[in-house]
Amino acid sequence: MASITVRNLDETVKQALRLRAARHDRSMEEEARLLLADGVGEPDQRPMAAGGSNLPKPVGGADPDHAYPARGKRILLIIGGGIAAYKCLDLIRRLRERGVSVRPVLTRAGGEFVTPLSLGALAADRVFTDLFDREDEHDVGHIRLSREADLIVVAPATADFLAKMAGGHADDLASTVVLASDKPILVAPAMNPKMWQHPATVRNYATLESDGVHFIGPEAGEMAESDEAGTGRMAEPMAIVERIGVLLDTGPKPLAGRIAIVTSGPTHEPIDPVRYIANRSSGKQGHAIAAALARAGAQVKLISGPVNIADPAGVEVIHVETARQMHEAALGALPADIAVMVAAVADWRTDGAADEKIKKTASERTPRLALVENPDILAAVGHHERRPCLVVGFAAETEKIDKHGRGKLERKNADWIVANDVSPETGVMGGDANTIRLIRRDGIEAWPTLSKQAVAERLTERVVDYFAENTAHA
Ligand SMILES: Cc1cc2nc3c(=O)[nH]c(=O)nc-3n(C[C@H](O)[C@H](O)[C@H](O)COP(=O)(O)O)c2cc1C
């Protein structure tokens, strides 16, 4: 589901949502999401009640990502005392949906922001808070907690908690568990931008990085607690979920040693400093392919046009805006073994964007836009002297899919064309599913309608098979 920007809602709606969310101990975004799901008749995806088993199984029957690499793993989640603690409720839910068990450890300050009751209900496990707990410490529980996890995640990590970690403190359960651990640690800092930039925090961050601690975020944006903006927002739960997947991925790596270039999203072609020509591509399919190739061990360079989705974890991302920038980045990323050109590149740009905003004046006639052709990125890669051994293009068609796909394969010197029907009634553009026809020189494979993620996995399997069969290309 697309993300919900609560900030843009009407003030009265926002107030009602705030009260509802507080009553249910959920974030406003989560509350809005569940309300919408009810409204459109989605199956109930509310969290399991407290006391349920913490066995890794999908929450409420939802299983959004069956190939999630951390499925079946155990996470010890330390929740520090920051406003962003509310996001950890969504994080727990998303992880459990993917078959990951989560054991929450709440710091004393963290307990001021979220309750053990809601954490326990979502995690379906006890929430640990106290170092000197008589029940747990008869068998040195803090050591057991740190050893039983596959990964420790600190989210949100406050400035104070980073300082404790960097200084090796062990004066409460959370910091003692971290110090006693021999497991990888992922930290998601969240704090006011001034705290993040403070020389003490900068020092602590550098120390922890050199100690091998993994970081995600913080992101730039508005702060929840004030009108301030800057770097300090905690990474979004789904970005943390993806990163956890990468850190705990022990699956086979058949594409190890291969370099892949993937393009994704639309391009924006400026008309003037504020207007541009664009298309409806969301980047979901290209990003999913980049992530799937990375999971299979490829070193992936993702060249992304402007999209509203997070960068996939474990992938190098080059952000561009126009077709010409994407063309330059794609050729600059060569040599590579695989190129998958998924981006919906604008065929035309304006013949010279205006330097100033074009004004609407009563006296002047409506401006005419003259268009010129953009470079053809797929053809440029397909005919390049350093052409990758496997070049895959995407063809978004609304009619005669096979015929147009085959024509494209020949003209652009591609090996495969992934053709999809993007007629408005299919909902492919911006949607979550795709119906593919994989056009090769020796035949056409028709795939059933699959989620974009499943398309990415299937295409990656075909890429793996290709390199297994064509060892001469190795
Ligand atoms: C309303 C409020 C919001 C706070 N938000 C943050 C925050 O986002 N990040 C942070 O580093 N500290 C924040 N603090 C300060 C921490 O709560 C404080 O440093 C606390 O000791 C951190 O405890 P911890 O180490 O258990 O996380 C906040 C304090 C208050 C009162």
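Reading the values: rules and limits
Residues numbered from 1 in each chain as written. Predicted model: local features only at pLDDT ≥ 70, side-chain atom pairs only at ≥ 80, totals over all residues. Helix = DSSP H or I, 4+ residues; strand = E, 2+ residues; numbered from the N terminus. Buried ≥ 20, exposed ≤ 12 C-beta atoms within 10 Å, placed from the backbone. Contact = placed C-beta atoms within 7 Å. Pairing = 2+ DSSP bridges. Axes fitted to C-alpha atoms, helices over the stretch in contact; angles between N-to-C directions. Near = placed C-beta within 6 Å. Nonpolar A, V, L, I, M, F, W, Y, C, P; charged D, E, K, R; others polar. Core = buried A, V, L, I, M, F, W, Y, C linked by C-beta atoms within 7 Å. pLDDT = per-residue confidence, 0-100. Parallel < 35°, antiparallel > 145°, perpendicular 65-115°, else oblique. Left-handed = near helix turned anticlockwise from the far one by under 90°.

Chemist: Describe the overall build of the protein, listing the residues and the values that go with them.
Modeler: Counting its secondary structure elements, the protein contains 16 helices and 21 strands. A buried classification covers 41% of the 474 residues belonging to the protein. Relative to all contacts within the protein whose residues are 6 or more apart in sequence, the contacts with residues 24 or more apart total 69%.

Chemist: With reference to specific residues and values, describe helix α3 (residues 87-97).
Modeler: Most of α3 sits inside the fold, with 11 of its 11 residues counted as buried. Turning to α3, its buried residues number three or more, namely K87, C88, L89, D90, L91, I92, R93, R94, L95, R96 and E97. One or two positions beyond α3, positive phi appears at G99, with a value near 75°.

Chemist: Go over the sheet that holds strand β13 (residues 338-341), please, and point to the residues and values.
Modeler: Pairing is mixed in the open sheet, where eight strands are placed in the order β12-β11-β8-β13-β16-β17-β19-β20. On the outer flanks of this sheet lie β12 (316-319) and β20 (443-446), each paired with one strand and no other. Shown here is a sheet whose adjacent strand axes are inclined to one another by a mean of 15°, direction ignored. With six bridges joining them, strand β16 (residues 390-397) and strand β17 (residues 416-421) adopt parallel strand pairing.

Chemist: Can you lay out the site of the ligand for me, pointing to particular residues and giving the numbers?
Modeler: The environment of the ligand is made up of 16 residues, and the closest members are G80, G82, T107, A109 and T158. Tallying contributions element by element places helix α7 (residues 159-167) first for the shell around the ligand, with three residues. Here the residues of the shell around the ligand are counted per class, giving eight nonpolar, six polar and two charged.

Chemist: Tell me about helix α11 (residues 237-247), and please be specific about residues and values.
Modeler: In an α-helix, one turn spans 3.6 residues; hence positions three or four apart end up facing the same way. Burial analysis of α11 places nine of its 11 residues in the buried class, the great majority of the element. Within α11 the residues assigned to the buried category are P237, A239, I240, V241, E242, R243, I244, G245 and L247. Buried residues belonging to α11 abut β1 (74-79), α3, β3 (151-157), β4 (185-189) and β5 (214-215).

Chemist: Describe the pairing of β3, naming the residues involved and giving the relevant values.
Modeler: In terms of burial, β3 is a largely internal element, seven of the seven residues being buried. Taking every second residue as pointing to the same face, both faces of β3 are buried, with L151, V153, A155 and A157 on one and I152, V154 and P156 on the other. When β1 meets β3, the two strands line up parallel, connected through four bridges. Residue pairing for β3: I78 is matched across the bridge by V154. Where β3 meets β4, four bridges bridge the pair, whose relative direction is parallel. The residue bridging V154 from the neighbouring strand is V187, located in β4.

Chemist: Outline the pairing of strand β8 (residues 259-264), supporting the account with residue identities and numerical values.
Modeler: Among the six residues that make up β8, five are buried, leaving the element largely enclosed by the rest of the structure. Across four bridges, β8 lies against β13 in parallel orientation. When the sheet's bridge partners are listed, I261 is paired in β13 with A339.

Chemist: Residue-level account of unusual backbone geometry, with values.
Modeler: The omega torsion across A155 and P156 is 0°, close enough to zero to call that bond cis. Mapped onto the secondary structure, P156 falls in strand β3. Of note, the bond from L334 into P335 is cis; its omega dihedral lies within 30 degrees of zero at 5°. For P335, the location among the structural elements is in the loop between α13 (323-332) and β13. Even without glycine at this site, A124 takes up a positive phi of about 55°. By the element assignment, A124 lies in the loop between α4 (116-123) and α5 (134-137).

Chemist: Outline the nonpolar core, supporting the account with residue identities and numerical values.
Modeler: Membership of the largest hydrophobic core comes to 61 residues, with the highest contact counts inside it found for L77 and A155. A total of six residues in this core trace back to one element, the largest contributor, which is β3. Residues contacting A155, with those up to four places away along its chain left out, are L77, I79, C88, L91, A188, M234 and I240.

Chemist: Provide a residue-level description of the confidence of the model for the protein, including the pertinent values.
Modeler: Low-pLDDT stretches of the model should not have their predicted coordinates read in fine detail. Here the protein averages 86 in pLDDT, while 85% of its residues score no lower than 70. Segment residues 41-62: pLDDT under 50, and 38 contacts once partners within four positions in sequence are set aside and those in other chains are kept.

Chemist: Which residues make up the sheet that holds β3, and what are the values?
Modeler: One open sheet accounts for five strands, arranged β2-β1-β3-β4-β5; its pairing is parallel. A single partner strand is all that each edge strand has here, and the edge strands are β2 (101-106) and β5. As paired elements, β1 and β2 share six bridges and run parallel to each other. Directly across from L77, in β2, lies its bridge partner P104.

Chemist: So what's going on with the packing of helix α12 (residues 284-295) against helix α16 (residues 452-469)? Which residues, and what values?
Modeler: Packing of α12 against α16 brings their axes to within 8 Å, and their N-to-C directions diverge by 45°. Between α12 and α16, the angle falls in the class oblique. Crossing angle aside, the handedness with which α12 passes α16 is right-handed. Contacts between α12 and α16 pair K284, Q285, A288, I289, A291, A292 and L293 from the former with K452, Q453, V455, A456, E457, L459, T460 and V463 from the latter.

Chemist: Any chance you could break down the packing of α3 against α4 for me, citing the residues and the numbers?
Modeler: The interhelical angle for the contact between α3 and α4, taken along N-to-C directions, is 15°, at an axis separation of 9 Å. With respect to their mutual orientation, α3 and α4 come out roughly parallel. The way α3 lies across α4 gives a crossing that is right-handed. From α3, L89, I92 and R93 reach across to α4, where they touch S118, L119, L122 and A123. Taken together, the residues that form the contact of α3 with α4 break down as five nonpolar, one polar and one charged.

Chemist: So what's going on with the environment of A296? Which residues, and what values?
Modeler: When you line up the elements, A296 lands in the loop between α12 and β11 (299-304). Discounting chain neighbours no more than four positions away, the residues touching A296 are K253, P254, L255, T460 and V464.

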